[in-house]
Amino acid sequence: PNDEDDDENVGASGENGWKEMDDRETFDFVFGSDLLYEEVHALTLPGVIKRRVAAPNGRCRIVGAVRNRAMLDALVENMRKEGLAVVETHLRDNDTNAADWYEDG
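Predicted model only: the values in this text are computed from it and were never measured.

A. Representation of the environment of Pro-46. Here Pro-46 shows up in helix α1 (residues 39–52). Pro-46 gets classed as buried once you look at its relative accessible area, which sits at 1%. A sequence separation of 37 residues divides Pro-46 from Gly-83, and the C-alpha atoms of the two residues are 9.4 Å apart. With residues up to four places along the chain from it excluded, the contact list for Pro-46 reads His-41, Leu-75, Asn-78, Met-79, Glu-82 and Leu-84.

Written out as structure tokens, the structure reads:
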């Protein structure tokens, strides 16, 4: 049940229980899925990730379909420019040919 008068359900914005994140807050693990939809995301995500992943042992995992190989390459390049170590892994097809479902690069 959602009680609109319950202070625990009101965030800093006053709506939906969301609270503002402290500008200095970091996380041991950041997980993202399907983050690349526009070229600007390949430019801005590396800075956000660097800012939010706890140094020196924090980790980030990004998963998603490769819809635009050039955009993914730009993300990887920009992450490296931020000083982040990047390891790219690929889904291996098990019982089917990956070319049957893989599009655009």
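B. Representation of the packing of α1 against helix α2 (residues 69–81) within the structure. Where α1 meets α2, the closest approach of the two axes is 8 Å, and the angle between their N-to-C directions is 30°. When the interaxial angle is binned, α1 and α2 end up roughly parallel. Between α1 and α2 the crossing geometry is right-handed. Here α1 contributes Glu-39, His-41, Ala-42, Leu-43, Leu-45, Pro-46 and Ile-49 to the contact with α2, which in turn contributes Met-71, Ala-74, Leu-75, Asn-78 and Met-79. Classifying every residue of the contact of α1 with α2 by side-chain character gives 9 nonpolar, 2 polar and 1 charged.

C. Molecular detail of the pattern of salt bridges. Taken as a whole and assessed by the stated rule, the structure comprises 7 salt bridges. Taking the shortest distance from any N to any O, the salt bridge between Asp-73 and Arg-69 comes out at 2.8 Å. You can see Asp-73 and its partner Arg-69 sitting in helix α2, 4 residues apart, about one turn around the helix. As a salt-bridge pair, Glu-77 and Lys-81 come within 3.3 Å of each other at their nearest N and O atoms. On the criterion of helical spacing, the pair formed by Glu-77 and Lys-81 is a turn pair, its members being 4 residues apart in helix α2. Because the salt bridges share partners, they merge into one network encompassing Arg-69, Asp-73 and Glu-88.

D. Broad picture of the packing of aromatic side chains. By the definition in use, this model includes 1 aromatic pair. Relative to Phe-31, the ring of Phe-29 lies with its centre 6.5 Å away and its plane at 20°, an arrangement referred to as stacked. Overall, Phe-29 belongs to the partly exposed group, its relative accessible area being 47%. Using a relative accessible area of 52% as the deciding quantity, one classes Phe-31 as exposed.

Cut-offs used in this document
Residues numbered from 1 in each chain as written. Predicted model: local features only at pLDDT ≥ 70, side-chain atom pairs only at ≥ 80, totals over all residues. Heavy atoms only, no water. Helix = DSSP H or I, 4+ residues; strand = E, 2+ residues; numbered from the N terminus. Buried < 20%, exposed > 50% of the residue type's maximum accessible area, 1.4 Å probe, protein only. Contact = heavy atoms within 4.5 Å. Axes fitted to C-alpha atoms, helices over the stretch in contact; angles between N-to-C directions. Parallel < 35°, antiparallel > 145°, perpendicular 65-115°, else oblique. Left-handed = near helix turned anticlockwise from the far one by under 90°. Nonpolar A, V, L, I, M, F, W, Y, C, P; charged D, E, K, R; others polar. Salt bridge = Lys/Arg side-chain N within 4 Å of Asp/Glu carboxyl O. Phe/Tyr/Trp six-rings, centres within 6.5 Å; stacked < 30°, edge-to-face > 60°.

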